[in-house]
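# Breakdown of the fold
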Amino acid sequence: MSTGFLWDERYAWHDTGTGAGFMSAGGLVEPEMHGESPATKRRFRNLLEVTGLLDRCLQLGARPARDEELLRLHTPEYLQRIKDMSAAGGGDGGELAPFGANGYEVAALAAGGAMAATEAVMRREVDNAYALVRPPGHHAERDLGRGFCIFGNTALAALHAREALGAERVAIVDWDVHHGNGTEHAFYEDGSVLAISLHQDNLYPVDSGRVTDTGEGEGAGATLNVPLPPGSSNGAYEAAFERVVAPAIRRFRPDVVLVASGLDASMCDPFAVMAVTSPGFARMARILLDAAAEVCDGRLVLIHEGGYSSAHVPFCGVAVMEELLGTEERVEDPFTAVFSGMAYMDLQPHQDVAIQRAEANLAGVPER
Ligand SMILES: [Zn+2]
């Protein structure tokens with residue numbers, strides 16, 4: 001087994017300015033570092049280096065996405081607006097998506113990084129890959145940046161797989177704690193992409209990602225939302241993966257599985273109230289590796305999205321990388337000893353009810 005890892009120092013230079021939490025500074029918001037900062041990603045990459053795991057990966061290089069590649073998803077007007085604001089020193093892609101000078105260049109490099117990792121997996125240069133890109137992408141819509149996202153990195157990687165790399169069908173599993181609204185928006189009427197999102201129920205964007213939203217027209221049944229109650233932990237996520245995500249992948253039989261890998265369902269995340277720990281993330285990765293091995297020769301590409309606990313994200317990310325690499329020895333996560341034995345980490349009855357609602361949509365997933 002071989003695993004690719006993609007990072008570019010310029011991802012850390014993406015400038016979200018000052019703010020507090022997810023708000024930019026201004027009015028009564030006293031400036032400090034914006035919540036979407038380089039720290040979580042850089043520390044994830046650094047922990048891979050310190051633990052020796054980085055040396056076990058094939059390091060992949062990023063490239064900027066070309067205009068014609070970005071235009072597979074985004075409108076020409078939107079692309080031009082981002083370029084113009086970037087050249088003028090920065091702006092906001094639309095809603096809570098601030099960027100500084102060179103914001104366009106870094107966002108195009110993030111989209112291109114997601115594509116480069118997908119190329120490496122589709123061409124079998126590696127078995128699977130993790131693209132640690134920034135800014136994230138799964139909230140970006142065709143003509144609107146949202147929620148820190150400028151270009152739809154994961155959706156663009158899916159379109160690239162289909163239009164340039166020979167994939168007929170792509171599955172996207174979005175385990176970021178927020179709804180993958182941009183991905184849903186891109187493929188809602190497209191039956192060639194199965195878009196699954198697990199998220200904290202009605203967190204961001206609000207009124208988005210309902211279990212009853214399952215696609216339309218040609219895409220009927222190919223959108224699956226699994227909104228989970230706040231407080232869901234390893235037990236709920238494992239059940240959702242075993243009962244909804246893996247069966248949907250087996251039914252759809254994609255040529256590649258992409259993961260919108262936000263690590264913000266973590267126990268320590270400041271922007272959500274889920275309670276997943278590093279063994280929980282490892283278990284989700286293992287279930288996807290097994291499903292991908294069964295249906296698409298193991299082709300699995302993880303594309304980084306959110307995750308805002310600079311302390312906890314690196315350990316959650318390392319646990320995922322250990323599964324991708326198939327290593328036997330495990331890096332000791334110091335958080336695990338503190339978290340293990342906490343109450344409500346196993347599947348709770350109200351979480352089971354939420355998963356049952358999503359399970360009921362499985363029969364509508366297009367079958368191959
Ligand atoms: Zn998120």
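Residues numbered from 1 in each chain as written. Predicted model: local features only at pLDDT ≥ 70, side-chain atom pairs only at ≥ 80, totals over all residues. Heavy atoms only, no water.

## Some points on the sheet that holds strand β13 (residues 223-228)
Backbone hydrogen bonds hold the strands of a sheet together, and the pairing may be parallel or antiparallel. Strand order in the open sheet formed by 8 strands is β5-β1-β9-β15-β14-β11-β12-β13, and the pairing between neighbours is parallel. For this open sheet the edge positions go to β5 (58-60) and β13, each flanked by a neighbour on one side alone. Put simply, the sheet's adjacent strands are angled 15° from each other on average, direction ignored. Contacting β1 (3-6), β5, β9 (128-131), β14 (256-261) and β15 (300-304), helix α5 (residues 103-122) runs over the sheet at an angle of about 175° to β9. (Pairing = 2+ DSSP bridges. Helix = DSSP H or I, 4+ residues; strand = E, 2+ residues; numbered from the N terminus. Axes fitted to C-alpha atoms, helices over the stretch in contact; angles between N-to-C directions. Contact = heavy atoms within 4.5 Å.)

## Some points on the environment of A220
Position of A220 among the secondary structure elements: in the loop between β12 (193-200) and β13. For A220, a relative accessible area of 42% translates into the label partly exposed. For A220 and L325, which are 105 residues apart along the polypeptide, the C-alpha to C-alpha distance reads 35 Å. In contact with A220, not counting residues within four places along its chain, are T214, G215, G364 and P366. (Buried < 20%, exposed > 50% of the residue type's maximum accessible area, 1.4 Å probe, protein only.)

## Observations concerning the pairing of β14
One face of the sheet, then the other: side chains in a regular strand alternate in exactly this way. Counting buried residues in β14 gives 6 out of 6 residues, a clear majority hidden from the surface. Burial along β14 is two-sided: V256, L258 and A260 facing one way and V257, V259 and S261 facing the other are all buried. Inspection of the sheet shows strand β11 (residues 170-174) paired to β14 by 5 bridges, in the parallel sense. Of the residues in β14, the one forming a bridge with I172 is L258. One crossover worth recording links β14 to the parallel β15 by way of helix α9 (residues 278-296), and it is right-handed. (Right-handed = clockwise from strand over helix to strand, strands pointing away.)

## Quick word on α5
Taking 1.5 Å per residue as the helical rise, α5 with its 20 residues ought to reach 28 Å, and the 29 Å between its terminal C-alpha atoms agrees with that figure. Counting buried positions over the 20 residues of α5 gives 19, a clear majority of the element. Within two residues after α5, R124 carries a phi angle of roughly 65°, on the positive side. (Expected span 1.5 Å × (residues − 1).)

## A look at the packing of aromatic side chains
Scanning all chains against the criterion turns up 14 aromatic pairs. Plain terms: the ring middles of Y104 and F151 are 6.3 Å apart, the flat faces sit at 85° to each other, and that makes the pair edge-to-face. Of this pair, Y104 sits in helix α5 while F151 sits in the loop between β10 (145-146) and α6 (153-164), placing them 47 residues apart in sequence. On the basis of an interplanar angle of 25° and a centroid distance of 5.9 Å, the ring pair of F335 and F339 is categorised as stacked. Of this pair, F335 and F339 are both found in helix α11 (residues 334-339), 4 residues apart, which corresponds to roughly one turn of the helix. (Phe/Tyr/Trp six-rings, centres within 6.5 Å; stacked < 30°, edge-to-face > 60°.)

## Re the side chain of H74
Tracing the chain through its elements places H74 in the loop between α3 (67-70) and α4 (76-87). According to the relative accessible area criterion, H74 is buried, its value standing at 3%. At 3.1 Å, the side chain of H74 and the backbone oxygen of R142 are in polar contact. (Polar contact = N/O pair within 3.5 Å; in protein donor to acceptor, adjacent residues only side chain to side chain.)

## Points about unusual backbone geometry
For the bond from R134 to P135, the omega torsion is 5°, close enough to zero to count as cis. Note that the residue after Y204, namely P205, is joined by a cis bond; omega there is -15°. Summarising the element assignment, P205 is placed in the loop between β12 and β13. Even without glycine at this site, F148 takes up a positive phi of about 75°. Among the secondary structure elements, F148 is positioned in the loop between β10 and α6. When its relative accessible area of 8% is taken as the criterion, F148 is described as buried. The backbone of R253 sits at a positive phi, close to 50°, despite the residue not being glycine.

## Considering the pairing of β9
Going residue by residue along β9, you find N128 and Y130 tucked away on one face and A129 and A131 tucked away on the opposite face as well. One ladder, built from 4 bridges, connects β1 with β9; its direction is parallel. Bridging from a neighbouring strand, F5 pairs with Y130 of β9. Where β9 and β15 come together, 4 bridges link them in parallel fashion. Bridge pairing links N128 to L300 in β15.

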